[in-house]
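One letter stands for each residue in the lines below.
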Amino acid sequence: MIISFNRPYATGNELAHVAAAAAGGHWAGDGPFTAKCRAWLEARTGTRMALLTHSCTAALEMAAILADLKPGDEVIMPSYSFPSTANAVVLRGATPVFVDIRPDTLNIDEARIEPAITAQTRAILVIHYAGVACEMDAIMAIARRHGLLVIEDAAHAVMAGCKGRPLGSIGHLGVLSFHATKNLTAGEGGALLVNEERFCRRAEIVRVMGTNRSQFLRGEVDKYTWVDQGSSCLPSELTAAFLWAQLEVAEEITRRRVRLWQAYHTGCASLERDGILRRPVVPRHCQHNGHLYYLLLPNARSREVFMARMKERGIGCAFHYQPLHNSPAGQRFGRCHGGLSVTEHVTDCLVRLPLWPGLEDHQQEVMGALTDCLAGLAD
Ligand SMILES: *Cc1c(COP(=O)(O)O)cnc(C)c1O
């Protein structure tokens, strides 16, 4: 029996929607399925404007344009993230400034943001790791004090919240991912959440090749033309149709993931009490979405042995980010502020367990193997 680390979940309605989109004849972007997805995202998150994109990476790049980042500008972010987070900033010629994460939630340590601010700082780019919220009240207060923008990379965090507010809708701009490894998926896909009126008009333009085609299609101008910087960030209607099948049952997918997450959490409680590992920490004010379940093992060696043993049992586990600050591009384009010892520890010690709807029938087996494979590792 092979239990893979990830398996994308199909609801069963994807192909019917794709067939309807194909039959409808509107195959390019911004047709009826894109409109449905957009309305759903706007209603679900409360954002002013949700723009579907072909990836979260594209949405991050749009956010960097909307933030007006220029060479010399600095953006404070965690090093423990995906390359796209920093790359969007670097494409504008700006500099990522990496700070350490909190040892509990593995999110940017808000106490390290203010000391990293300089006269060049323009924005704070946070990621909600594992769908658990950053300390957004503190982060928004810092941004207000210093006149900075806050961009939320909520790639992990669709359907997750913080004090009842959907993640991605709290900062000035937010981004979601619908990649095949994320909770809700179109294969590849993403969205930009524009939370402030002042960015809405330009966001539409940046998304459609720097043209005012969106206004033209609404009949607001009588021809469309090149008016600003931009790119082609639209997903096709076939992608939007696929995604719509997932959004229709987003609550159920999230419930199933949270239940699997909770079963791991309960199952690992005694291992944590015995000092063998550390479980994820979810602050009381966070509503997570079961995006991923990780364990922190005592050191790099124990993680390596554990993962090899699990693999022998046919169970796929995965470590996670290679920190951006000591990656080749991170060293070339970014800089650090302060030590990043928590980031480096987590890089070495974190392991993610299989978690996907459908795992219910095999989770006991994973738990049994996990307990066996941890034997003797903490000694
Ligand atoms: C997955 C991910 C991305 C990139 O998403 P794509 O849709 O693949 O472009 C960006 N940031 C984080 C934190 C991610 O996990």
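Residues numbered from 1 in each chain as written. Predicted model: local features only at pLDDT ≥ 70, side-chain atom pairs only at ≥ 80, totals over all residues. Heavy atoms only, no water.

**A few points about the pairing of strand S2 (residues 74-78)**
Put simply, side chains in a regular strand alternate between the two faces of the sheet.
Okay, step 1: Across the five residues of S2, five count as buried, placing the element largely inside the fold.
Okay, step 2: Across the two faces of S2 the burial is the same, with Glu74, Ile76 and Pro78 and Val75 and Met77 all buried.
Okay, step 3: Taken together, the five bridges between S2 and strand S3 (residues 95-99) define a ladder with parallel strand orientation. Pairing of Met77 across the sheet is with Phe98, part of S3.
Okay, step 4: Between the parallel pair S2 and S3, the chain is carried across by helix H4 (residues 83-90), and the sense of this crossover is right-handed.
Okay, step 5: Pairing between S2 and strand S4 (residues 121-127): three bridges, direction parallel. Each residue of the ladder has a partner; that of Ile76, found in S4, is Ile124. (Buried < 20%, exposed > 50% of the residue type's maximum accessible area, 1.4 Å probe, protein only. Helix = DSSP H or I, 4+ residues; strand = E, 2+ residues; numbered from the N terminus. Pairing = 2+ DSSP bridges. Right-handed = clockwise from strand over helix to strand, strands pointing away.)

**Focus on the pattern of salt bridges**
Okay, step 1: Tallied over the full model, the rule gives 21 salt bridges.
Okay, step 2: Between Asp137 and Lys163 there is a salt bridge whose closest N-O contact spans 2.5 Å. One end of the pair, Asp137, is in helix H5 (residues 136-146); the other, Lys163, is in the loop between strand S6 (161-162) and strand S7 (165-166), with 26 residues separating them in the sequence.
Okay, step 3: Across the pair Asp222 and Lys223 runs a salt bridge, and its minimum N-O distance is 3.9 Å.
Okay, step 4: Looking at Lys223, the relative accessible area reads 61%, which means it is exposed. (Salt bridge = Lys/Arg side-chain N within 4 Å of Asp/Glu carboxyl O.)

**Description of the packing of aromatic side chains**
To describe a pair of aromatic rings, you give the distance between the ring centres and the angle between the ring planes.
Okay, step 1: All chains considered together, the criterion is met by seven aromatic pairs.
Okay, step 2: Seen from their ring centres, Tyr129 and Tyr321 are 6.1 Å apart, and the 65° between their planes marks the pair as edge-to-face. Taken as a pair, Tyr129 in the loop between S4 and H5 and Tyr321 in the loop between helix H11 (300-312) and helix H12 (328-333) lie far apart in primary sequence, 192 residues in all.
Okay, step 3: Among the residues examined, Tyr129 registers a relative accessible area of 0% and is labelled buried.
Okay, step 4: An aromatic cluster is built from Tyr80, Tyr129, Tyr294 and Tyr321, whose rings are joined through pairwise contacts. (Phe/Tyr/Trp six-rings, centres within 6.5 Å; stacked < 30°, edge-to-face > 60°.)

**Re the site of the ligand**
Okay, step 1: Near the ligand, the surroundings consist of 14 residues, among which Thr57, Asp153, His156, Ser177 and Lys182 are the closest.
Okay, step 2: Between Asp153 and the ligand, the recorded distance is 2.8 Å, taken from a side-chain N or O atom to a nitrogen atom.
Okay, step 3: Protein contacts shield 93% of the accessible area of the ligand, which totals 380 Å² for the unbound molecule.
Okay, step 4: Partitioned by chemical class, the residues of the shell around the ligand number five nonpolar, seven polar and two charged. (Near = heavy atom within 4 Å. Polar contact = N/O pair within 3.5 Å; in protein donor to acceptor, adjacent residues only side chain to side chain. Areas by Shrake-Rupley, 256 points an atom, 1.4 Å probe, with all protein chains shown as cover. Nonpolar A, V, L, I, M, F, W, Y, C, P; charged D, E, K, R; others polar.)

**A few points about the packing of helix H3 (residues 56-66) against helix H6 (residues 197-207)**
Okay, step 1: Between H3 and H6, the shortest axis-to-axis distance is 10 Å and the interhelical angle comes to 130°. Here H3 is positioned oblique relative to H6, judged by the angle of their axes. In this structure, H3 meets H6 at a crossing whose hand is right-handed. Residues Met62, Ile65 and Leu66 of H3 form the contact with H6, whose own contacting residues are Phe199, Arg202, Ala203, Val206 and Arg207.
Okay, step 2: Grouping the constituent residues of the contact of H3 with H6 by class yields six nonpolar, no polar and two charged. (Axes fitted to C-alpha atoms, helices over the stretch in contact; angles between N-to-C directions. Parallel < 35°, antiparallel > 145°, perpendicular 65-115°, else oblique. Left-handed = near helix turned anticlockwise from the far one by under 90°. Contact = heavy atoms within 4.5 Å.)

**A few points about helix H1 (residues 14-24)**
Okay, step 1: Those residues of H1 that fall on the buried side of the exposure criterion are Glu14, His17 and Ala21. The buried residues of H1 occupy an angular sector of 75° when projected down its axis, which confines them to one face. Those residues of H1 that are exposed and aimed more than 90 degrees away from the buried face are Leu15, Ala16 and Ala23.
Okay, step 2: In the core, the buried residues of H1 are packed alongside helix H2 (32-45) and helix H8 (237-248).
Okay, step 3: Downstream of H1 by a residue or two, Gly25 has a phi angle that is positive, lying close to 85°. (Arc of directions from axis to C-beta.)

**Remarks on the domain arrangement of the protein chain**
Okay, step 1: In terms of domains, the protein chain is made up of domain 1 (14-248) and domain 2 (250-374).
Okay, step 2: Across the contact, 50 residues belong to domain 1 and 39 residues belong to domain 2.
Okay, step 3: Summed over both sides, the interface of domain 1 with domain 2 buries roughly 3,600 Å², with 58% coming from carbon and sulfur.
Okay, step 4: When the buried area of domain 1 at its contact with domain 2 is split by residue, Tyr80, Phe98 and Asn183 rank highest and sum to 19% of it.
Okay, step 5: Inspection of the region where domain 1 meets domain 2 yields two salt bridges.
Okay, step 6: In this structure, Arg44 and Glu251 form a salt bridge, with 3.9 Å as the shortest nitrogen-oxygen distance.
Okay, step 7: Summed over the shared surface of domain 1 and domain 2, the number is 27 residue pairs in polar contact (both at pLDDT 80 or more).
Okay, step 8: Secondary structure elements with two or more residues in the side of domain 1 that touches domain 2: H2, S2, H4, S3, S6 and H8.
Okay, step 9: Considering only residue class, the side of domain 1 that touches domain 2 consists of 28 nonpolar, 12 polar and 10 charged. (Domains from an automatic or database assignment. Buried area = accessible area lost by both parts, 1.4 Å probe.)

**Concerning the sheet that holds S2**
Okay, step 1: Ordered in space as S1-S9-S8-S5-S4-S2-S3-S12, the eight strands form an open sheet in which the pairing is mixed. One side of each edge strand has no neighbouring strand; the edge strands of this open sheet are strand S1 (49-53) and strand S12 (335-336).

**Some thoughts on the environment of Ala157**
Okay, step 1: Relative to the elements of secondary structure, Ala157 occurs in the loop between strand S5 (149-153) and S6.
Okay, step 2: Along the chain, Ala157 and Ile127 lie 30 residues apart, while their C-alpha atoms are 8.9 Å from each other.
Okay, step 3: Apart from the residues lying within four places of it in its own chain, the contact partners of Ala157 are His128, Gly131, Leu167 and Asn289.

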